[in-house]
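# Chains, contacts and geometry: an overview
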Amino acid sequence: MEAFSALKTPVFQMDHAEIQSSMQKMGNGVKDTLSPEGHTAQYYREGGKMLWIGRHGVTAMADTLLQQLCQVNRIGLSDAYFKVREIDEDLQRFKSLDFDQQHTVNEVTARLEYQLTRAYLTYVAGQYYGFVNPKSAINRMESQPDSTGKVTVRYVNLYDISVERPTPAFYAQALHKIGNDSVGNMMREVEPKSPLYHQLLRQLADSTSEASRRRIMVNMERCRWREPNPMPASGKRVVVNVPAFMLYAYGPDSTMEMRIGCGKTATKTPLLTSEIEYMQVNPEWNMPQSIVNNDVLGHAGDSNYFARHRYYIADRSTGKKVPISSVSRAMLASGKYRVSQDGGRGNSLGRIVFRFKNNHSVYLHDTSTPGFFQSSWRGVSHGCVRVQRPFDLAHFLLGDTDDWTLDKIRISMDLPPMTSQGKDYIRTHSPGEAENGRRLPFKLISYMPVKPHVPVYITYYTLYPDLNGQIQTYPDVYGYDQSVWNYLKKYI
């Protein structure tokens, strides 16, 4: 051992306590333990063992990680954010034992160990769950006054999807992979599986325009979000893409698209996932209190206004109708009275509505004013989605239904029947007369369950494939691209 004594010089001696102290200082001020940076800081603050550097030097896992990080520009991310140059320099310095008073062995070791872990966790968590939390990016865009009228505000829940986010268990698994020599496998496993993501990735490689690249990267980020996407039992699903103002119905053997109208900028359609459970033909419209407050209060007591729109008022506690003239503005504003519109021709919901559970009382429905479908801008509703071809959607949801059932829906919607049975029914029957002289609709059918339930996804993509698989570009109608970009750009 005497022959090796000359190698024992202070410049190469590692002090574990000093290294640990340096790594703890690097994490000072980082509080969010569910973020990659926060979990890295917490790991070393709590005395976590070194993962990349041991008694035999730097592990091969560091080279594997660095090789992957050198390619982050391919997916639009910045190697500067991941500190690729600094990691590379420290790694080469460590391998060549290039230490001096400016770059001591303890400083280099602490910095290299900490930055490798931070970059690794940031990459795998970002690729698997998304670099941006959509609830932060979208639900904090605008505020609503508190219902009490106080100055305090609450965020509007425009993104109402139970999206998965990184958990302590995920980070623990990721760190375990380092010790198992599985960093490369982990980084491949977290790559998004979405076909749209890989289409956009190819577009990004060919894009030189800054605006185009920004739009592509924002939509790639949406592909990373781990939203519920259950495999439907029927093989069917309905996708509403708000920026496109389009609905896409995907079945095992066929696909269909149609124009839609969505919420205005002031009354945005919320993003959500649910299942269409049933449909109602000639539904009554129970007006949300917000619409009562904005549109109806000024007409309190005006019987002509209510008759013209076929509105009536009912006591919520008893369900009984009350005379229009007896309900004051204050009574309407109290919320104790419900304003509803009779079903049939001219109803705001049109002739059919498709119901699914959600926290916003929105649904897909027909419309009594279809003219707007010819416009490119179709932000027309208070949040619900108006569909251009409601009967076609009903037929898609019901699937292999007998022709007479379909004709009963047609006849109840005032559409021409297709079967001889339906034509005979029209010839031998007549609809009733309403009290105000309007013709009541045929009521052959009013309720139809959708079995099995069909998933519905209300989404927001400004780059989205049409039915031919070609990606189309749509305007950022609600400004969500900009909001997501504001969070994403630090990684770019």
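Counting starts from 1 at the beginning of each chain's written sequence and moves along it residue by residue. With the structure being a predicted model, the display of local features is reserved for residues of pLDDT at least 70 and the display and counting of side-chain atom pairs for 80 or more, all residues being used for whole-chain, interface and lining totals. Hydrogens and water molecules were not included; the side-chain quantities draw on all heavy atoms of the structure.

### Details of helix α1 (residues 16–26)
Along α1, the positions that sit buried rather than exposed are Ile19, Gln20 and Met23. Along α1, the residues classed as buried sweep out an arc of 100° about the axis, all on the same side. The exposed set on the far side of α1, more than 90 degrees from its buried face, consists of Ala17 and Lys25. Only heavy atoms enter the contact rule, under which two residues are in contact if any of them lie within 4.5 Å. Strands are runs of DSSP state E lasting at least 2 residues, helices are runs of H or I lasting at least 4, and numbering of each runs from the N terminus. The elements touched by buried residues of α1 are α2 (36–45) and α5 (105–129). Buried means the residue's accessible area, taken with a 1.4 Å probe over protein chains only, is under 20% of the maximum for its type, while exposed means over 50%, and partly exposed covers the values in between. Of all possible arcs, the one meant is that of the directions from the helix axis to the C-beta atoms.

### What about the packing of aromatic side chains?
Aromatic ring pairs are defined here through the distance separating the ring centres and the angle between the ring planes. Stacked, tilted and edge-to-face are the three classes assigned to paired rings of Phe, Tyr and Trp, where Trp is represented by its six-membered ring and a pair needs centres within 6.5 Å; plane angles under 30 degrees give stacked, over 60 edge-to-face, the rest tilted. Following the criterion strictly, the structure yields 27 aromatic pairs and no others. Seen in terms of ring centroids, Tyr461 and Tyr464 are 5.6 Å apart; in terms of plane orientation they differ by 40°. Their pairing is tilted. Classification of Tyr461 as buried rests on a relative accessible area of 13%. Residue Tyr464 is classed as buried on the basis of its relative accessible area, which comes to 10%. In textbook terms, an aromatic cluster arises when at least three aromatic residues are bridged by ring pairs, as seen for Tyr81, Phe82, Tyr123, Phe131 and Tyr491. The side chain of Lys236 reaches across the aromatic face of Phe396, ending 5.3 Å from its centre. Cation placement over rings: the criterion is NZ of Lys or CZ of Arg within 6 Å of the ring centroid and within 35° of the ring normal.

### Quick word on the environment of Arg338
Assignment of secondary structure puts Arg338 in strand β13 (residues 337–341). In the structure, Arg338 is positioned 17 residues away from Arg355 in sequence and 20 Å away in space, judged by C-alpha atoms. A polar contact of 3.2 Å, which involves the side chain of Arg338, links it to the side chain of Asn286. For the purposes of these results, a polar contact is taken to be a pair of N or O atoms within 3.5 Å, where, inside protein, one atom must be able to donate a hydrogen and its partner to accept one; residues adjacent in sequence count only when each atom of the pair is a side-chain atom.

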